[in-house]
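# Architecture and fold: a report
Each chain is listed here by its residues.
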Amino acid sequence: MNLPNKLTMMRVVLVPVFMIFAAVSHYGTADFHAAYMLIAGVIFAIASITDFLDGYLARKNHLVTDFGKFMDPLADKCLTTAAFIYMVTDHVCSPIVLAVILFREFAVAGVRMLAAETGTVIAANMWGKVKTVLQMLTIIFYYFVGALAGPTDVGFVSFVTIVLCWLCGAATLLSGFTDAVRPLLFGVNVGGLGTLIASMASLISYRQIARKLPEQKGPYFLLFTLANIGFLAILLVFATAVHP
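In short, a report on the structure. Only a predicted model underlies this, so the values are computations on that prediction, with no experimental measurement involved. Within each chain, residues carry numbers counting from 1 in the order of the written sequence. Note on the predicted model: pLDDT of at least 70 is required for a residue's local features to be given, and 80 or more for side-chain atom pairs to be given and counted; whole-chain, interface and lining totals, by contrast, use all residues. Excluded from the side-chain calculations are hydrogens and water; all other atoms, namely the structure's heavy atoms, are used.

On to the overall build of the protein chain. Here a helix means four or more residues in a row that DSSP labels H or I, a strand means two or more in a row labelled E, and each is numbered from the N terminus. When helices and strands are tallied, the protein chain shows nine helices and zero strands. In sequence order, the protein chain lays out its α and β elements as α-α-α-α-α-α-α-α-α. Pairs of residues are marked as contacts when any of their non-hydrogen atoms sit within 4.5 Å. Summarising the internal contacts of the protein chain: among those between residues at least 6 apart in sequence, 78% fall at separations of at least 24. Of the roughly 12500 Å² of accessible surface on the protein chain, 73% is carried by carbon and sulfur atoms. To measure how exposed things are, a 1.4 Å probe is used in the Shrake-Rupley method; for residues, cover is taken only from the protein chains shown.

A few words on the environment of Y143. One can find Y143 in helix 5 (residues 126-148). Type-normalised accessible area, obtained with a 1.4 Å probe on protein chains alone, sets the label of each residue: buried when under 20%, exposed when over 50%, and partly exposed for intermediate values. Looking at Y143, the relative accessible area reads 1%, which means it is buried. Separated by 56 residues in the primary sequence, Y143 and M87 have C-alpha atoms spaced 9.4 Å apart. The residues touching Y143, leaving out its near neighbours within four places in the chain, are F18, A22, M37, L38, A40, G41, A83, Y86 and M87.

Once that is clear, we can look at the packing of aromatic side chains. The geometry of two aromatic rings is summed up by the distance between their centres and the angle between their planes. Here the aromatic set is Phe, Tyr and Trp, taking the six-membered ring for Trp, and pairing holds for ring centres within 6.5 Å; pairs whose planes are under 30 degrees apart are stacked, those over 60 apart are edge-to-face, and all others are tilted. Per the counting criterion, the structure on display carries seven aromatic pairs. Each ring, one from F18 and one from F44, has its centre 5.9 Å from the other, and the planes form 50°; the classification is tilted. One end of the pair, F18, is in helix 1 (residues 3-23); the other, F44, is in helix 2 (residues 34-60), with 26 residues separating them in the sequence. Note on F44: relative accessible area 1%, which makes it buried. Relative to F32, the ring of Y27 has its centre 5.2 Å away and its plane inclined at 85°; by these criteria the two rings are edge-to-face. Of the aromatic side chains, those joined through ring pairs into one cluster are F18, Y27, F32, F44, Y142 and Y143.

What follows is about the nonpolar core. Only buried residues count toward a nonpolar core, which is a set of Ala, Val, Leu, Ile, Met, Phe, Trp, Tyr and Cys residues joined through side-chain atoms within 4.5 Å. With 35 residues, the main nonpolar core has F18, F84, M87, Y142 and Y143 as its most contacted residues. Taken together, the elements giving at least two residues each to this core come down to helix 1, helix 2, helix 3 (66-89), helix 4 (95-115), helix 5 and helix 6 (154-185). At eight residues, the largest contribution of residues to this core is made by helix 3. When neighbours within four sequence positions are excluded, F84 is seen to be in contact with C93, L98, I101, Q135, I139, C165 and C168.

Our next topic: a nonpolar patch on the surface. Residues enter a patch when their relative accessible area is above 30% and they make no salt bridge; the linking distance is 9 Å between like charges and 5 Å between nonpolar side chains (Val, Leu, Ile, Met, Phe, Trp, Tyr). Here, a salt bridge means any side-chain nitrogen of Lys or Arg that lies within 4 Å of a carboxyl oxygen of Asp or Glu. Residues I49, F52, L53 and Y56 make up a contiguous nonpolar surface patch of roughly 380 Å² in combined accessible area. When you line up the elements, F52 lands in helix 2. On the accessibility criterion, F52 (53% relative accessible area) is exposed.

So, about helix 5. Given the number of residues in a helix, its expected span is that number minus one, multiplied by 1.5 Å. If you check helix 5, its first and last C-alpha atoms are 32 Å apart, about what 23 residues at 1.5 Å a residue would give, namely 33 Å. Along helix 5, the residues classified as buried are G128, K131, L134, Q135, M136, T138, I139, Y142, Y143, G146 and A147.

Our focus in this paragraph is helix 2. Its 27 residues give helix 2 an end-to-end C-alpha distance of 39 Å, which sits within 8% of 39 Å, the value for a rise of 1.5 Å per residue. Once helix 2 ends, the next one or two residues include H62, with phi positive near 55°.

For the rest of this paragraph, the subject is the packing of helix 1 against helix 2. Angle between the axes and distance between the axes: these two values describe a pair of packed helices. Look at helix 1 against helix 2: their axes get within 9 Å of each other, and the N-to-C directions meet at 165°. Classified by the angle between their axes, helix 1 and helix 2 sit roughly antiparallel to one another. When the axes of helix 1 and helix 2 are compared, the crossing they make is left-handed. Taken together, the residues of the contact of helix 1 with helix 2 sort by class into 19 nonpolar, two polar and three charged. Geometry is summarised by axes, namely lines fitted to C-alpha atoms with helices restricted to the contacting stretch, and by angles between N-to-C directions that run from 0 to 180 degrees. Every angle not falling under 35 degrees, over 145, or within 65 to 115 is termed oblique; those three ranges are roughly parallel, roughly antiparallel and roughly perpendicular. Throughout, a crossing is termed right-handed when the near helix is turned clockwise from the far one, and left-handed when it is turned anticlockwise from it by less than a right angle. Here the nonpolar group is Ala, Val, Leu, Ile, Met, Phe, Trp, Tyr, Cys and Pro; Asp, Glu, Lys and Arg are the charged ones; every other residue, Gly included, is treated as polar.

On to the environment of A75, then. Here A75 lies in helix 3. Counting along the chain gives 24 residues from A75 to D51, while the straight-line C-alpha distance between them is 8.7 Å. Discounting residues that sit within four places of it in the chain, A75 has contacts with T8, R11, V12 and V15.

Turning our eyes to something else, we now look at unusual backbone geometry. Backbone geometry at H26 places phi at a positive 55°, although glycine is not the residue there. On the secondary structure map, H26 appears in the loop between helix 1 and helix 2. Assessed through its relative accessible area of 35%, H26 is described here as partly exposed. Non-glycine residue H91 carries a positive phi angle of around 65°. Within the secondary structure, H91 is located in the loop between helix 3 and helix 4.

Printed below as a string of C-alpha cells:
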C-alpha cells in the first residue's frame, strides 16, 4: 500500500475516533465537555489535512490507484456525514441539510460510477470544491469555536453554525445539479433516471450492475453497494442517538 492510500486509511480510522469524542461533548447542555469537543475538532482538522495530502501526493508521484479512487471519496463521505449527524443532534444543523448532503453524495457517486461504463469521466466542478471547503470550514468552526467560546456564547455559536449549515445545503444542491442532474439531462449515458434514483436510495442490485459492466469492474460496484449499506448503518446510529 502506497503512502497516499495509507493516508486515506488513516482518515477512515479517524472517523470512529472523531465520532466518540463528538458524541460525548454534549454541546449546549449541562453535560458539556469543552475538552472533548476540542479534541473532536482537532481530529477532524487532521483528517481534513490528510484529505488534501493523499490526493496531492498521489497526483504528484503518479501513485493514483483504483483503491484510492474508491476509498478517498468514501472516507470523505463518512467523515463529513458523521460530523453533520452530531451537529443535527446538537440542534445546530437542520435534518433537511443532512438529507440534502446524503442524497447528493449517493446521486453523484452513482452517476460517476455508471458513467464509467461508457468511459466518461465526470470531474469535480467548482461548486463541488466550494461545497467541500464550506462543509469543512463549517465543521471546524463549530467544533473549535464551540469548544473555546464561553457558556454565554452558545446562542451566537449556534446561530452562526445554523447559517453556515444552510449555506452548505445550498452549495450541495448546486453541486449535485452540476455533478449529477446536468450530466443525466445533457447527454451522459449513465443508465437512465431509474438507475439514478435506485442509487440515491441505496438499492442498487449488484447482479443487475454486473450484467451491464465488464467483469473486472464488478467488484468495485459490490464495494459501492456495501458502502451504501454502511451509510444506512450510520443513519441507524443517528436514529438511535436521537431516540434512545
